[in-house]
Amino acid sequence: MLGTPGHLVQTTQEQHPSTDGRRRLSDVVDRLSAGLTNRFAIDTRALAVFRIALGLLLLTDLALRSRNLEAFYTDSGVLPRAALFSDYSNVYSLHAISGELWAIALLFVVAAVFAAAMTIGYRTRLATVCSWLLLLSLHARNPMVLNGGDTLLRVLLFWAMFLPLSERWAVDARRTDEPRATVSNVATMALLLQVTVMYVVNAIHKSRGEMWFNGEAVVYVFSLDYQFTFLLGDVLAGYPELLRVMTYVWAALLLSSPLLIGLTGRPRAALATAFAGMHLGMLVTMRIGIFPLVVVTALVPFYPPVVWDGVTALATRIGLTAPLCGAMSRLRVILPKGPTIDGLPTAAPAPQQLLTVGVARGRALFSTILPWLFLTLVLLSNAQAVGYTEVPEPGDAALEATETYQSWKMFAPEPLGTDGWFLAPAELENGSEVDALHRSAISWGPPSSHEDVYPTTRWRKYLANVWGGDNENHRSYLANHLCERWNDDHETDLERLDLYYMAQPSEPYNETEPVNSIKLQEYRCDGEFIQD
């Protein structure tokens, strides 16, 4: 009798081996699901900091661009709307409705209002969508001044539209009874994968050259005195051995970038900090605008709850929490509450019930289906950038319409091999000559200060694109702008000007390199708009 129950149990187990198999498979699936959920979870405090940083970046970007408002975005600048519509097909830009300075300035103010609303978390979703649309419009108005930082800022704003950015530290948080600790969904997955894929694609591009893996790349980057290096960069340029070490460190970081997804907790925070530290180093060594700050903002969501627990405790200890909470409470009192569909009663009249159902379905489409679709397209776009596949034509049209196509070729496959500066020797009506670009006397020698070569980072990028082989028309546009700018400010008009690029090979191990003057354009100020 004692053996009978055991025998029965054994027989039962032998008769149902598939049950154990299904259970084990279910356990494996549950563990994988939990692992994926954990790796793509973002702390809601990280999302709040991400939102605030994005808003501040937009305000900073607008402030920096406003220095060249007339030159880059009006009809009296380097790209009048006639030239824009002629050279670029399918231009959809509010900034191209008018070519007047006051109209562009007004759009800048409107964009600043939405960016400020996003920063404080007021009508957050609306502010984010409008900020993204206005940024698309601004970028479409003059593609010649855009860089990798603009692309990243644009796609971060795109993904931000699908994220719950207002659950913490926001005016809109008054609508949330209890904020979630973390969020893990397709939008958080898309944001984290976006940053990781950026590094992976850049690493693949760099691997197709030699300098990033033989230790020479950063040495050559820091030899581009006229284009990039400034502040601490001018000092570091004198230490090539240190720059070789930095080359290997950066290459190793790029190769380890998939671990931003693979790791969790403190190890992930440490790796994100290493990337952030390198980008902050770029901020004080290279003239590349706000690109380093945009990347640091993109890294914020990688920091896990343990980091934000420490940040919150530190803020409380040094007395920051109380005044910040007080300021947010005052904003909630001052700013009106927006209408909400969530409050409609279940027994509402039929039209309201239909509206509720329609809004619910629209939210499902907006929060789930669209992020999945564009995540797939963005991954295909990055794979296409390195030659692994092609985006189907409908997908390519969607990427183009939303400006989410990507490449990430910064300093890849190798750094530029030529440095240089621009000159515009021009002849006045009285026979004298000036440099119309710098509005000074002509000097054919190297500039006395590297900081004097390009007025702003946007001018550096613009002139680099003018130098590009596919932008011949823009040389005439620039020359025409220089003529008009001089003639509007001086009594003696310009008659003609030439545009030169003074090319100097980038050779960090040679103290002197020959300078080759390359004539890009001959332009008569009273002639046709586009001249050969």
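Each chain has its residues counted from 1, running along the sequence as written. Whole-chain, interface and lining totals are the exception, using all residues; otherwise, since this is a predicted model, local features are given only for residues with pLDDT of at least 70 and side-chain atom pairs are given and counted only at 80 or more. Only hydrogens and water are removed before side-chain values are computed, so all heavy atoms of the structure are retained for them.

Colleague: Just checking my understanding: could you explain the pairing of strand β3 (residues 418-423) for this structure?
Modeller: Strand residues, when the strand is regular, have side chains that alternate between the two faces of the sheet. Throughout this description, buried means an accessible area under 20% of the type-specific maximum (1.4 Å probe, protein chains only), exposed means over 50%, and partly exposed covers the range between. Strands are runs of DSSP state E lasting at least 2 residues, helices are runs of H or I lasting at least 4, and numbering of each runs from the N terminus. Here β3 lies mainly inside the structure; five of its six residues are buried. Relative to strand β6 (residues 494-505), β3 is paired through six bridges, and the arrangement is antiparallel. By the bridge assignment for β6, T418 is matched with P505. Note on pairing: DSSP must find at least two bridges between two strands before they are called paired.

Colleague: Would you mind going over the environment of V221 with me for this structure?
Modeller: If you trace the backbone, V221 turns up in helix α11 (residues 217-221). Between the alpha carbons of V221 and G233 there is a distance of 9.8 Å; along the sequence they are twelve residues apart. Here, two residues are considered to be in contact whenever any of their heavy atoms come within 4.5 Å of each other. Leaving out residues up to four positions away in the same chain, V221 has contacts with T229, M286, F411 and P415.

Colleague: Quick question: what am I supposed to make of a nonpolar patch on the surface here?
Modeller: Patches were defined on residues exceeding 30% relative accessible area and lacking a salt bridge, with like-charge contacts within 9 Å and nonpolar side-chain contacts (Val, Leu, Ile, Met, Phe, Trp, Tyr) within 5 Å. For accessible areas, the Shrake-Rupley method is used with a probe of radius 1.4 Å. Any residue's cover is judged against the shown protein chains and nothing else. Salt bridge, as applied in this entry: a Lys or Arg side-chain nitrogen positioned within 4 Å of an Asp or Glu carboxyl oxygen. Among the surface-exposed residues, L231, L232, V235, Y239, L242, V245, V249 and V284 lie close enough to one another that they form a single nonpolar patch of about 700 Å² accessible area. Of all the secondary-structure elements, those providing two or more residues to the nonpolar patch are α12 (232-236) and α13 (240-256). A total of three residues in the nonpolar patch trace back to one element, the largest contributor, which is α13. When its relative accessible area of 36% is taken as the criterion, V284 is described as partly exposed.

Colleague: Would you take a moment to explain the pairing of strand β4 (residues 425-428) for this structure?
Modeller: Bridging between β4 and strand β5 (residues 433-435) involves three bridges; their strand directions are antiparallel. Paired with A426 across the strands is V434, a residue of β5. What sits between the antiparallel neighbours β4 and β5 is a turn of four residues, in which G431 has the positive phi angle 90°. Of the strand pairs in this sheet, β4 and β6 are connected by three bridges, and their pairing is antiparallel. From the neighbouring strand, E427 faces β6, where its bridge partner is R496.

Colleague: How should the side chain of N68 be read in this particular structure?
Modeller: Structurally, N68 is set in the loop between α3 (44-65) and α4 (69-73). A relative accessible area of 9% places N68 in the buried class. Counting of polar contacts relies on pairs of N or O atoms within 3.5 Å, with two restrictions inside protein: one atom must be capable of donating a hydrogen and the other of accepting it, and residues adjacent in sequence are counted only when both atoms are side-chain atoms. Within the local environment of N68, its side chain forms a polar contact with the side chain of T456, the two groups lying 3.1 Å apart. Here N68 is in contact with Y73, T456, R458 and W459, once residues within four sequence places are set aside.

Colleague: I tried to follow the packing of aromatic side chains on my own but got confused; where do I start?
Modeller: In this description, a pair of aromatic rings is defined by centroid distance and the angle of the planes. Between 30 and 60 degrees the pair is tilted, below 30 it is stacked and above 60 it is edge-to-face, where a pair is any two Phe, Tyr or Trp rings, Trp via its six-membered ring, whose centres lie within 6.5 Å. Inspection of every chain in the model, using the stated rule, returns 19 aromatic pairs. Ring centres of F72 and Y462 lie 5.7 Å apart, and the angle between their planes is 50°; on these two criteria the pair is classed as tilted. Note that F72 is positioned in helix α4 and Y462 in helix α21 (residues 457-467), a separation of 390 residues in sequence. For F72, a relative accessible area of 2% translates into the label buried. Note on W250 and F275: the rings are 6.0 Å apart at their centroids and 75° apart in plane angle, and the pair reads as edge-to-face. Here F275 lies in helix α15 (residues 265-283) and W250 lies in helix α13, a separation of 25 residues in the sequence.

Colleague: What am I meant to see in the nonpolar core here?
Modeller: If you look at soluble globular proteins, the nonpolar side chains tend to sit buried side by side. In terms of nonpolar packing, the biggest core is built from 84 residues, with F50, W159 and Y199 touching the most fellow members. Here the element with the most residues in this core is helix α9 (residues 186-207); it accounts for 13 residues. Look past the residues within four positions of Y199 in its chain and what remains in contact with it is W250, L254, S257, L260, F275, H279, V295 and L299. L69, A111, L138 and L478 belong to the second-largest nonpolar core, a separate cluster that totals 51 residues. The criterion is simple. A nonpolar core is a set of buried Ala, Val, Leu, Ile, Met, Phe, Trp, Tyr and Cys residues joined through side-chain atoms within 4.5 Å.

Colleague: Just to check I follow, could you spell out the pattern of salt bridges for this structure?
Modeller: When their charged atoms lie close together, side chains carrying opposite charge are able to pair. In this structure the tally under the stated criterion is 16 salt bridges. The salt bridge partner of R65 is D150, with a shortest N-O separation of 2.8 Å. Highlighted residues: R65 in helix α3 and D150 in helix α8 (residues 148-160), separated in sequence by 85 residues. Like R65, the residue D150 is buried in the burial classification. Counted as one network, the salt bridges with shared partners bring together D61, R65, D150 and R458.

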